[in-house]
Each structure stands twice: as C-alpha cells, then as structure tokens.
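# Geometric and topological summary
Here is how the chains run, residue by residue.
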Amino acid sequence: MLKVKNIEKYYGSKNNVTKALNRVSFDVADGEFIAIMGASGSGKTTLLNCISTIDTVSAGEILLNGQNIAELPSAELAKFRREQLGFVFQDFNLLDTLTIEENIGLALTLNHEGAGTVKEQVEAVAGKLGIAEILGKFPYQVSGGQKQRAACARAMVAGQSLLLADEPTGALDSKASKNLLEIMEQMNRAMGATILMVTHDAYSASYAGRVLFLKDGRIFNELFRGERSRSVFYHEILDVLAVLGGDVSDVI
C-alpha cells in the first residue's frame, strides 16, 4: 500500500549540507502497524514529514496506493491529506466550539460530503470505538480517554488509507499513554487501520507488529513481532536500542 523507494533528504546550502535521509526504502502492507524508532537526529520525524507531504524528498519516490505523492502539485496536497491520510496528535487537537460529532466529521464536511453521509460515517466509526453516546457533547464535557477515541475516529472516518502518528504518547502520563496505544491497537486489529508511528519509547513500539530502527538517516535494523507476546517483543526492542544508541536511556 505504501512504498518508500530510495528516498534522500538534504537540508542546507552547498557549503553546509546535512543529509537527513540516506536512501531509505521499505514497504508497508495494508493493515500493518509499524513503529519507527531512533535517537534524536536519526531522521525518523523527517521521514514521517516526507510521507505526510509536510516536507518533500530530495530524491527517490514515495508511493501511496500507486500514486507518487512527491509529484502532487501543491493545489492537490490539502485534498490528498484529507482523503488519504489520518493524523493522531499528542493533544487530540479537537475544536472546543464543535461537538464530538462535528469534530469527527470535519474532514468529510470539508470534502463537501452530504449531511446524511457525514452522519452515517461518523456514527459508524464512533460505534466501533465505543463513543456513540457522546457525539452530541463538546470536548470539554468528556473524559481524556473519550477525547482520545474521538481524535482517532476523526483520523479514520473518511476511510483514510494511512494513519500517521508522531510521538503520540510523548505528552501523556502512563495511564493515558496505555489507553491511546490500546485504542490504536484496536483500530489496527479490529478495524484494519494501517498505522505508521514515530516513537522514542520502546513500550509504545511494542504495540506495533514491526519496528524500523533508523540511524544516521538509514535503516539500521528491523524487528517483526510475529506471534510473540508484547512483553517479549518489548525486551527485543530494548536489545536493539542498546546496540543502536550505546546507552538505552539515551534513546528511550
């Protein structure tokens, strides 16, 4: 579904060039949950920014469902993001002046979908995530966990192909982090969502089915969870991080 082919990203001018990404290639199958890890400066956020079209590659190709997103004209980028990409943020980014239902359906409304279609799709995804009873409430009237579910529902209500998350648990306490990760796991396993998550945290990465490790802008290693328990996978991630960064505490 997603193909990243030999992408490179340079910053700076002729006399001072930084190579943030160095011939990075990998594929993401439909329905995968992948975590991207690496120390600060490894290129993981740059990679996500290029996939999300926030930034552009200097060389190589990124294809989503066969479409080379690097070649999209600027006039089409906003429409592409709304229809193809979902974003999961640390702080939910819900609008307090809109109801939960209106927040979830915002992308559909911006795409000029009919009111009946919007309502039907919002109710469908809200039901799957267990928040149908709060659709008429405003964000300040619901719990943090319900806000998380609403934000996740918004990220996939329009049938987006790919969900992107950049350090989604970075600003959350341990309980809220666990809740969000369990929601994302539910979206992946029960609803078939394809998720690409950047994280510095081994615990968060252990919820994924595959982990890509970046070092100096290149893929250093990858791990597949397979049928192993999350606890076993977590300790395998820690082992790779110890090799990757020398000191595990520096990268987790």
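Placed above this text is the structure.
Presented here is a report on the structure given in the accompanying data block. The structure displayed is predicted, hence computed values, not measured ones. (Residues numbered from 1 in each chain as written. Predicted model: local features only at pLDDT ≥ 70, side-chain atom pairs only at ≥ 80, totals over all residues. Heavy atoms only, no water.)

## Topic: the overall build of the protein chain
In terms of regular secondary structure, the protein chain is built from ten helices and ten strands. Radius of gyration (C-alpha) of the protein chain: 18 Å, near the 18 Å computed for a compact globule of 252 residues. Seen through its principal axes, the protein chain has C-alpha atoms that stretch 50 × 45 × 30 Å. The buried share of the protein chain, taken over its 252 residues, is 46%. When contacts within the protein chain are restricted to residue pairs at least 6 apart in sequence, those whose partners lie at least 24 apart make up 67%. Put simply, the protein chain shows about 11,800 Å² of open surface, and 48% of that area lies on carbon and sulfur atoms. Computing the positive centroid from 25 side-chain charges and the negative centroid from 30, the protein chain places the two 2 Å apart. (Helix = DSSP H or I, 4+ residues; strand = E, 2+ residues; numbered from the N terminus. Rg over C-alpha atoms; globule rule 2.2 N^0.38 Å. Buried < 20%, exposed > 50% of the residue type's maximum accessible area, 1.4 Å probe, protein only. Contact = heavy atoms within 4.5 Å. Areas by Shrake-Rupley, 256 points an atom, 1.4 Å probe, with all protein chains shown as cover. Lys, Arg positive; Asp, Glu negative; His and termini not counted. Charge placed at Lys NZ, Arg CZ, Asp CG, Glu CD.)

## Things to note about the nonpolar core
The tendency in soluble globular proteins is for nonpolar side chains to be buried side by side. Ranked by internal contacts, the top residues of the largest apolar core, which has 50 residues, are Ile100, Ile104, Met187, Val211, Phe213 and Ile237. The residues touching Met187, leaving out its near neighbours within four places in the chain, are Leu129, Cys152, Met156, Leu163, Gly192 and Ala193. Residues Val28, Leu47, Leu48 and Leu85 belong to the second largest nonpolar core, which totals 27 residues. (Core = buried A, V, L, I, M, F, W, Y, C linked by side-chain atoms within 4.5 Å.)

## Some thoughts on helix α1 (residues 44-51)
Counting buried positions along α1 yields six of eight residues, so the element is predominantly enclosed. Every buried residue belonging to α1 is among Lys44, Thr46, Leu47, Leu48, Cys50 and Ile51, and all of these are buried. Directly after α1, the chain includes Thr53, whose backbone phi takes a positive value near 70°.

## Some points on the packing of helix α6 (residues 144-156) against helix α7 (residues 174-191)
Viewed as axis vectors pointing N to C, α6 and α7 meet at an angle of 35°, and their least axial separation amounts to 10 Å. Viewed along their axes, α6 and α7 form a crossing whose handedness is right-handed. Note on element contacts: α7 touches α6 through Ala176, Asn179, Leu180, Ile183, Gln186, Met187 and Met191, opposite Gly145, Gln148, Arg149, Cys152 and Met156. Split into classes, the residues belonging to the contact of α6 with α7 amount to seven nonpolar, four polar and one charged. (Axes fitted to C-alpha atoms, helices over the stretch in contact; angles between N-to-C directions. Left-handed = near helix turned anticlockwise from the far one by under 90°. Nonpolar A, V, L, I, M, F, W, Y, C, P; charged D, E, K, R; others polar.)

## Focus on the sheet that holds strand β9 (residues 210-215)
The strand order across the open sheet built from six strands is β6-β7-β8-β3-β9-β10, with neighbouring strands paired in mixed fashion. Strand pairing shows two members of the sheet lacking a second neighbour, β6 (85-88) and β10 (218-224), which therefore form its edges. On average, adjacent strands in this sheet sit at an angle of 20° to one another, irrespective of strand direction. As paired strands, strand β3 (residues 33-37) and β9 are joined by four bridges and run parallel to one another. Note that in β9 the partner of Ala35 across the bridge is Val211. Sitting on the sheet, helix α2 (residues 74-84) is in contact with β6 and β7 (162-166), with an inclination near 70° to β6. (Pairing = 2+ DSSP bridges.)

## Observations regarding the pattern of salt bridges
Here the structure, examined in full by the defined rule, presents twelve salt bridges. Where Glu8 meets Arg23, a salt bridge forms, and the shortest distance between an N and an O atom there is 3.8 Å. A residue pair is termed long-range when its members are at least 10 positions apart, and Glu8 in strand β1 (residues 2-13) and Arg23 in strand β2 (residues 16-28) qualify at 15 residues. Looking at Arg23, the relative accessible area reads 47%, which means it is partly exposed. Salt-bridge contacts for Glu123 lead to Lys119; the nearest nitrogen and oxygen are separated by 3.2 Å. Within this pair, Glu123 and its partner Lys119 are both found in helix α5 (residues 115-128), separated by four residues, close to a single helical turn. By relative accessible area, Glu123 is classed as partly exposed at 38%. The class for Lys119 is partly exposed, based on a relative accessible area of 40%. The network of salt bridges with common partners includes Glu32, Arg210 and Glu222. (Salt bridge = Lys/Arg side-chain N within 4 Å of Asp/Glu carboxyl O.)

## Remarks on the environment of Lys9
On the secondary structure map, Lys9 appears in strand β1. By relative accessible area, which is 8% here, Lys9 ends up buried. Spatially, the C-alpha atoms of Lys9 and Arg228 are 35 Å apart, while their sequence positions differ by 219 residues. Leaving out residues up to four positions away in the same chain, Lys9 has contacts with Thr18, Lys19, Ala20, Leu21, Thr46, Asp55, Thr56, Val57 and Ser58. A polar side-chain atom of Lys9 sits 2.7 Å from the main-chain carbonyl oxygen of Thr56. (Polar contact = N/O pair within 3.5 Å; in protein donor to acceptor, adjacent residues only side chain to side chain.)

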